[in-house]
Amino acid sequence: MMTMTKSIPSFVLSTSPTYHNHKINENYVKTPNYFILFRQSSRTCTLSSNLLPCTKICSTSLFAETSTLVDMDENARICKFCEVGDLKNAMELLSRSEKSELEIETYCSILQLCAELKSLQDGKWVHSIISSNGIEVEGVLGAKLVFMYVSCGDLREGRRIFDQILNDKVFLWNMMMSEYAKIGNYRESLYLYKKMQKLGIQGNSYTFSCILKCLAALGKVEDCKRMHGYIYKLGFGSYNTVINSLLAAYFKCGEVESAYQLFDELSNRDVISWNSMISGSVQNNFSENALEYCIQMLILGVDVDLATLVNSLVACANIGNLSLGRALHGYGLKARFNRETMFSNTLLDMYSKCGNLNGSSQVFEKMDHTTVVSWTSMIAAYVREGLYDEAISLFYEMERKGVKPDIYTLTSIVHACACDNSLDKGRDVHNYIKKNNIGPSLPVSNALTDMYAKCGNMEEAHSIFSQIPVKDTVSWNTMIGGYSRNCLPNEALKLFAEMQKEKKPDSITMACVLPACGSLAALERGREIHGYGLRNGYSSDLHVANALVDMYVKCGLLVLAMLLFYMIPNKDLISWTVMIAGYGMHGFGNEAIAAFNEMRRVGIEPDEISFISILYACSHSGLLNEGKKFFDSMTRECNIEPKLEHYACMVDLLSRVGKLSEAYRFIERMPIKPDATIWGALLCGCRIHHDVKLAEKVAEHVFELEPENTGYYVLLANIYAEAEKWEEVKKLRERIGKQGLKKNPGYSWIEIKGKATIFVAGGTSHPQAKRIDSLLKKLRVKMKDEGYSPKLRYALINADDVEKEVALCGHSEKLAMAFGILNLPAGRTIRVTKNLRVCGDCHEMAKFISKTTKREIILRDSNRFHHFKDGLCSCRGFW
DNA sequence: TCGGCTATCT
């Protein structure tokens, strides 16, 4: 029954001798050579499917003598099956064997095979046989069982046995520790290390590599340093693997200096050490240093491997060093690394990040083997250049070529749609994802949330967001930022509060939520968030610093904003733009100009947005000539084509200073079609300068372009009212009524003790309504006594003067100011925010209140800030 | 060791 059907297979001879005695050696290699050899050979020789000829395990070379093996015992036969990887027969034989005949070695042998084949089921079966045979689980057998369970992925059961057997094998301890490290349970790994020390088991180089990795992952810098000393004390200082792990640990912890010092003192550097320096520097944003190490390697003639080139190319990409990137490209070609897909992929990405799309395309086209990474990188390259359509068509081309997109591809392509602001294309991709049953993954869901938010569809964005089972920081940030960006600041703040219960906000969260505080003028909330940032070290982040300056500007604390601005060490274009706009909003045109010039002096070139800021600042301070000069310098010096926003600023500027016909001509000569805001700016000027005739002409343009915007009808109505053309006011009201339009209601709010109270015009529902009313009446009387006359024209009602006064008294900004006086301690600044522009009568009254109550009033309207102090306003009439 | 998603300004 046991016959040998073929001649002796040669592969058996190459079997590793260590295999047979089942010694667990310390440095166990997961896929031993014999196994690979076996697999390769098995293609050329067929073995008897049933039973194999066996021999005493150790005498492999005497296979020929064993053609008749009837006398072989069960143990040897099982081991022989194991040796050739035939688990099925080995298991069968094991099940049939008498328990008294089986040796520990045999169990070990079969458990080893189970581990190699990762067959948990068979392993468990062997375990149950061992138990039912009454074999005590200890020593070598225990270790083997642990090894089997851990190898098959059942760490829990492995650990249970590990704890039972009280072993002193370093290998097994190392294995347990590294398994815990693999699943990210670094604490358990460290716990085992401590236990091991207590038992007096000396670690080896593997132990230290693993422990360093865990310490680094947990950010335990001091422990890493202690370990550093300990390693040298124990004499592991000459082990490259240990020292390289130490280098990696220092880099992981951000201890760049310690890593550099260690490397400097290192006499025995191998290529891994060098590569660690390069990749560690890159990880810590020291790409320049990384490239220096790379160059040193080349100079010293150290062998450069793929990792060296890949990491160095990443460094080139990070700092945009195209020339060195090209040189490394050349080096890689000579060394024939261009066959390595990873080399080409990195290269492709490097060219793109250095702004050389052509280079990317060339690399991509020359590649013999493209992978999904190559395609994704190419797609990202197009997105980087703003070529969204190209990116999207490349995505579908890749699809047609049968390359399956992964989550990187999908996030990239969804991002492309987001940048393209194209809801339709985004939906297509979303549908593609749904149709292809690509399970929702966190990054893709985040990207989809972002895409819908960027396309302005917050309902869809929220729907995706709410369906994410376990949200990460990015999910929350995306949603909060989406609300901020889409003018839903209350939703942003609400979600931020919700987030705090589940996830720790990071610096990006701050940058996402601060604009919401700014737009609500929610100073208290903004301050709280600022404090949170200070406590967590986020406020030194440039994005956060910029967002803070902007928030304080919009909450009316210009001085604080300035202070923070000047404390930013590395101001970027956005820092300057925020500050320039801030000066502008608060009526400090000359300061804005000084800042703009200073920005250019320090070498930061303005972009179109900073030009909007400076033009806006000029118009709000009535600086006509300066504004004209900036407008001219846009094209002449900076090569920036003025857009609608810039023209709007210029029309605004001309109109405010009373150059209405010049503004009209300016609009007529515009090379692009003026929109409603352009004509609206002129209409506003007509009101300031009481030009009814021109206003009527301009208004028709506005109504044609934006018939649904009630603000413009109200503006014209005001112009008529101020000219006391009550008939026209009435006609206009009818026109609004006929079109079913409703006037955008004016409301103002004031924050007291972190709580915002909102007032609407004529509102009487507030618990303090009576007190507010009587305070306003008293102030009105006092105003008249001191020679102020109410600006009755702003009442927009054709009624007698008393009625008009009553109507004016109920304006929301007055109610909010009065509420502030009644509820804030004496001398405290009153900060009121209004959704529309401040009314002229309210403006007058605010001046008076600031004088008579000796209070500073800071009123933010939809257009700018008004600082009232001692009866004067900072806007000096330019509003 | 390569590629992705979140942030500041009119």
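Residues numbered from 1 in each chain as written. Chains lettered and ligands numbered in written order. Predicted model: local features only at pLDDT ≥ 70, side-chain atom pairs only at ≥ 80, totals over all residues.

**Q** Describe the overall build of chain A, with residues and values.
**A** Per the secondary structure count, chain A includes 45 helices and 6 strands. Relative to its 879 residues, chain A shows a buried fraction of 43%. For chain A, the share of sequence-separated contacts (at least 6 apart) that also reach a separation of at least 24 residues comes to 62%. (Helix = DSSP H or I, 4+ residues; strand = E, 2+ residues; numbered from the N terminus. Buried ≥ 20, exposed ≤ 12 C-beta atoms within 10 Å, placed from the backbone. Contact = placed C-beta atoms within 7 Å.)

**Q** Report on the pairing of strand S2 (residues 755–760), specifying residues and quantitative values.
**A** Pairing of strand S1 (residues 747–752) with S2 involves 6 bridges; the strand directions are antiparallel. Paired with Tyr 747 across the bridge in S2 is Val 760. (Pairing = 2+ DSSP bridges.)

**Q** Please give an account of the packing of helix H30 (residues 542–554) against helix H32 (residues 573–585) that cites residues and values.
**A** Contact geometry of H30 with H32 gives a least axis separation of 9 Å together with a crossing angle of 5°. Regarding the angle of H30 to H32, the classification is roughly parallel. For the pair formed by H30 and H32, the contact residues are Asn 546, Val 549, Asp 550 and Val 553 on the first element and Ile 574, Ser 575, Val 578, Met 579, Gly 582 and Met 585 on the second. Residues that form the contact of H30 with H32 fall into these classes: 6 nonpolar, 3 polar and 1 charged. (Axes fitted to C-alpha atoms, helices over the stretch in contact; angles between N-to-C directions. Parallel < 35°, antiparallel > 145°, perpendicular 65-115°, else oblique. Nonpolar A, V, L, I, M, F, W, Y, C, P; charged D, E, K, R; others polar.)

**Q** Quick rundown of the protein's contact with DNA strand B? Include the residues and the values.
**A** Taken together, the neighbourhood of DNA strand B is formed by 52 residues, with Asn 345, Tyr 408, Pro 443, Asn 446 and His 543 sitting nearest. A breakdown of the residues in the surface near DNA strand B according to their chemical character gives 26 nonpolar, 19 polar and 7 charged. (Near = placed C-beta within 6 Å.)

**Q** Lay out the nonpolar core with the relevant residues and their values.
**A** Core analysis: the largest hydrophobic core is formed by 178 residues, its most contacted members being Val 513 and Leu 615. In terms of domain composition, this core takes at least three residues from each of domain 2 (643–744) and domain 3 (748–873). Beyond its immediate stretch of four places on either side in the chain, Val 513 contacts Ile 480, Ser 484, Ala 492, Leu 493, Phe 496 and Ile 529. (Core = buried A, V, L, I, M, F, W, Y, C linked by C-beta atoms within 7 Å. Domains from an automatic or database assignment.)

**Q** For the sheet that holds S2, give the residues involved together with the corresponding values.
**A** Spatial strand order, S2-S1-S3-S4-S5-S6: 6 strands in an open sheet with mixed pairing. Two strands in the sheet have a free side with no partner beyond their single neighbour: S2 and strand S6 (872–873). Inspection of the sheet shows strand S4 (residues 857–860) paired to strand S5 (residues 865–869) by 4 bridges, in the antiparallel sense. When the bridges of S5 are listed, Leu 859 appears paired with His 866.

**Q** I'd like a description of the environment of Cys 253, backed by residues and values.
**A** Relative to the helices and strands, Cys 253 is located in the loop between helix H12 (240–252) and helix H13 (256–264). Here Cys 253 is in contact with Ala 216, Gly 219, Val 221 and Cys 224, once residues within four sequence places are set aside.

**Q** Before we move on, can you summarise the pairing of strand S3 (residues 830–834) with the specific residues and values?
**A** Buried residues dominate S3, accounting for 5 of its 5 residues. In this sheet, S3 lies alongside S1 in antiparallel orientation, the contact comprising 3 bridges. Considered in S3, the bridge of Ile 750 is made with Val 832.

**Q** Pulling in residues and values, what's your account of helix H38 (residues 676–688)?
**A** With 13 residues, H38 extends 18 Å from end C-alpha to end C-alpha; this agrees with the ideal 18 Å at 1.5 Å per step. Residues Ile 678, Trp 679, Gly 680, Ala 681, Leu 682, Leu 683, Cys 684, Gly 685 and Cys 686 constitute the buried set of H38. Residues of H38 that are buried make contact with helix H36 (644–656), helix H37 (660–668), helix H39 (692–705) and helix H40 (710–722). Positive phi appears at His 690, one or two residues downstream of H38, with a value of about 55°. (Expected span 1.5 Å × (residues − 1).)

**Q** With reference to specific residues and values, describe helix H23 (residues 423–435).
**A** Helix length check: H23, at 13 residues, gives a terminal C-alpha distance of 18 Å against a target of 18 Å (1.5 Å per residue), a fit within 8%. Positive backbone phi, at 55°, marks Asn 437, one or two positions downstream of H23.

**Q** Tell me about unusual backbone geometry, residues and numbers included.
**A** The residue Ala 521 is not glycine, and still its phi comes out positive at about 55°. You can see Ala 521 is positioned in the loop between helix H28 (507–520) and helix H29 (523–535). The residue Lys 753 is not glycine, and still its phi comes out positive at about 50°. Mapping Lys 753 onto the fold places it in the loop between S1 and S2. When the 7 C-beta atoms within 10 Å are taken as the criterion, Lys 753 is described as exposed.

**Q** I'd love a proper account of the environment of Tyr 260, names of residues and values included.
**A** By the element assignment, Tyr 260 lies in helix H13. Looking at Tyr 260, the number of C-beta atoms within 10 Å reads 19, which means it is partly exposed. Along the primary structure Tyr 260 and Ser 178 are separated by 82 residues, whereas in three dimensions their C-alpha atoms are 27 Å apart.

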